[in-house]
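Each chain is listed here by its residues.
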Amino acid sequence: MLKDKIKALSSENAGEFVSIRRYIHAHPELSYKEFETSKFVQSKLTEWNIPFVTMAQTGVVGIIKGKKPDKRITALRGDMDALPILEENEVSYKSQTPGVMHACGHDVHTTCLLGAAKILNELRDEWEGTVKLIFQPGEEKNPGGASLMIKDGVLTNPAPQAIIALHVHPGLDIGKLSFRKGRVMASADEIYITIKGKGGHAAQPHLTADTVLIASQLIVSLQQIISRNNNPFSPSVLSICSIQGGNTTNVIPSEVKLMGTFRAMDETWRFKAHDLIRKQTKGLVEAMGAEADVHIDVGYPTVDNNPALTEEVWQLAAEYMGNGNVLETELRMGAEDFGYYTQQVPGCFFRLGVRNEAEGIVHNVHTPKFNIDERAIETGIGVMAWLGASL
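Residues numbered from 1 in each chain as written. Predicted model: local features only at pLDDT ≥ 70, side-chain atom pairs only at ≥ 80, totals over all residues. Heavy atoms only, no water.

> Explain the sheet that holds strand 1 (residues 52-55) here, please?
Two strands in a sheet stick together by hydrogen bonds in their backbones, pointing the same way (parallel) or opposite ways (antiparallel). Strand order in the open sheet made by the 8 strands is 1-2-4-3-5-16-6-15, with mixed pairing throughout. One side of each edge strand has no neighbouring strand; the edge strands of this open sheet are strand 1 and strand 15 (326-328). Across the sheet, the mean angle from the axis of one strand to that of its neighbour is 30°, orientation sign disregarded. Lying on the sheet, helix 3 (residues 106-122) is in contact with strand 2 (59-65), strand 3 (73-79), strand 4 (130-136), strand 5 (162-173) and strand 16 (347-355); it crosses strand 3 at an angle near 145°. (Pairing = 2+ DSSP bridges. Helix = DSSP H or I, 4+ residues; strand = E, 2+ residues; numbered from the N terminus. Axes fitted to C-alpha atoms, helices over the stretch in contact; angles between N-to-C directions. Contact = heavy atoms within 4.5 Å.)

Here it is as structure tokens:
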């Protein structure tokens, strides 16, 4: 059976792909700067005689044709970029680039897609259709590498009927997968506010527009946009995460900058909230004697798992893993540029368990101590290959 052959090859190749993951982990690159990672991916596809093209500067797109290649076209996606985080893990494959770390598991995603590619290519006479391999840059930073890949034609020539991606889940035990139908992740937009006013001596606030005080009032006021305007049954988050202004104890600064993020599960509410943020900011700041510049950098849309496709993938995963190892995943206010793909093509974004509490592998993504139980790599390459061959 094809499934048994995929499992056997996943086991046989596990050591090789653990080494590949460690190499990628030790050599992380930031969003849109994945030049060496891209070259590494290209070298592996070349080694396995898998044809590919490049796009969006560092993106790589491979094609594997099985029997009857026009019967169906399925895309498998893995992202390649790292984060500006200083790694604190003391492991042999610790990041060799100070201040840059694969703290979100994209090294795992790239490795799993490479592993699936090798297996699918070896077994290409035993499955039908075409698999498109999307190695994508820039998931961690606007405008999102997915949007750039789409502009460059990643969803054409040939056009996939479905797109699949996995993501590490540090809250899910090793050996488990999790899925959810419908909306699964939030949209994400970046907020930049500059408050400008007459600065001056701290002992004479009546002669100034106190930009620090105005900023503090604004931060509190913006929370009411969520609590008083959003449907409480529709999750939404507005967080101001940075305040920059002033550099001494006795001078009221003439400028204060705020930065934050806005998340929503409803696209209509999302853009209504943008208008409310602009109006409330300008109104409050002007009422207190200053001026405000507001820039909202529109980011990733919601991630929407196609219900019919997700049901099919879920069942295939259960067939591969066993029913007890395939669970329902939670809604998340985190965001993913995979949402751009799901706006264009039926998609399924699922989770790969990497947690091992007994070994202390429990830290969340985007933290300096994030790591995985590397047995997850065998699972990831096998499941991705199975889905690519079976959909």
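Once the structure has been displayed, the description carries forward.
> It is not clear to me how the side chain of Arg 355 should be interpreted in this structure. Could you clarify?
Here Arg 355 is to be found in strand 16. The class for Arg 355 is buried, based on a relative accessible area of 19%. Within the structure, the side chain of Arg 355 is placed 3.2 Å from the backbone oxygen of Pro 170, a separation counted as a polar contact. Once residues within four sequence positions are removed from consideration, Arg 355 is found in contact with His 169, Pro 170, Gly 171, Leu 172, Asp 173, Ile 174, Ile 361 and Val 362. (Buried < 20%, exposed > 50% of the residue type's maximum accessible area, 1.4 Å probe, protein only. Polar contact = N/O pair within 3.5 Å; in protein donor to acceptor, adjacent residues only side chain to side chain.)

> Looking at this model, I keep getting lost on the pattern of salt bridges. Mind explaining?
A side chain with one charge can pair with a side chain of the opposite charge if their charged atoms come near. Evaluation of the coordinates by the stated rule reveals 24 salt bridges. One salt bridge in this structure joins Lys 5 and Glu 126, with 2.9 Å as the shortest N-O distance. Here Lys 5 is found in helix 1 (residues 2-26), whereas its partner Glu 126 is found in the loop between helix 3 and strand 4, with 121 residues between them in sequence. Judged by relative accessible area, Lys 5 falls into the partly exposed class, the value being 37%. (Salt bridge = Lys/Arg side-chain N within 4 Å of Asp/Glu carboxyl O.)

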